Amino acid sequence: MCSWCWGFAPVAEALVEQAQAAGVELHLVVGGLRTGSGAALEPTTRRYILEHWQAVHQATGQAFKFEGALPDGFVYDTEPACRAIVTARGLAPDCAWKLLGLIQRAFYVEGRDVTLASVLVELAERAGVPRIEFAEAFDRTEQHAATAADFTWVQDLGIAGFPTMLAERNGQLALLTNGYQPLGELSPLLGRWLERAASA
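Residues numbered from 1 in each chain as written. Predicted model: local features only at pLDDT ≥ 70, side-chain atom pairs only at ≥ 80, totals over all residues. Heavy atoms only, no water.

In the nomenclature of an unreviewed UniProt entry, the chain is known as DsbA family protein of Pseudomonas piscis.

Structure follows, in structure tokens:
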């Protein structure tokens, strides 16, 4: 539910393929952009967010459904969507990345409310996560705790902007990007890191 992350999705996908082709595994961590306010969006906040969406659309070409977006009464809480990713990561790790894309598309292109468990269960099933297992696990204390642990890890690193991509080797983290950048800038950067990793 981060518009720049949606804008970055095709870039991220290409970078993930580049890393996986070199034998580097992906670990998807959720950052908790807007969690727990419980309050419906104020009209000024809604306008501000939609202006961001316009900027992302213009910069990246990613599709957005603007008409009827963020309706009255909508509570912009990213925690349920983040918890869905964490739940999928625990149950079917290979499906977590696909679920991320489905949640983004549902929210930004289809205008669906991805804060609802019923929507997230449906999307998880479409991503390949067994429906009953996901539905049973989604609200468990362990999933809430694991999601909060992701948020804490991100905050402890001082990451305040999304998307962020890190590369890790022998416990050392290297920042590939904090914020949107085009593939043409990031692919060579990742390529150099992979070369150094291979020769280390």
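Following the structure, the description resumes.
Trainee: Is there a simple way to explain helix α1 (residues 3–21) in this structure?
Mentor: Three- or four-residue spacings in an α-helix give side chains the same orientation, since the helix completes a turn every 3.6 residues. For α1, spanning 19 residues, the distance from its first C-alpha to its last is 27 Å, which sits close to the expected 27 Å at 1.5 Å a residue. Considering bend angle alone, the principal kink of α1 is centred on Ala 9 and spans about 55°; proline Pro 10 follows within four residues of it. Every buried residue belonging to α1 is among Ser 3, Cys 5, Trp 6, Gly 7, Phe 8, Ala 9, Val 11, Ala 12, Leu 15, Val 16 and Ala 19, and all of these are buried. Buried-residue contacts for α1 involve α2 (43–60), α4 (93–108), β1 (164–169), β2 (172–178) and α8 (183–199). In the segment just after α1, Gly 23 is the residue with positive phi, at about 85°. (Helix = DSSP H or I, 4+ residues; strand = E, 2+ residues; numbered from the N terminus. Expected span 1.5 Å × (residues − 1). Bend = angle between axes of the 7 residues up to and from the residue. Buried < 20%, exposed > 50% of the residue type's maximum accessible area, 1.4 Å probe, protein only. Contact = heavy atoms within 4.5 Å.)

Trainee: I'm lost on the pairing of β1 in this one. Help?
Mentor: Within a regular beta strand, the side chains point alternately toward one face of the sheet and then the other, so they alternate between its two faces. When β1 meets β2, the two strands line up antiparallel, connected through six bridges. By the bridge assignment, Met 165 is partnered in β2 with Thr 177. Adjacent in sequence and paired antiparallel, β1 and β2 are bridged by two residues, among which Asn 170 carries a positive phi angle near 55°. (Pairing = 2+ DSSP bridges.)

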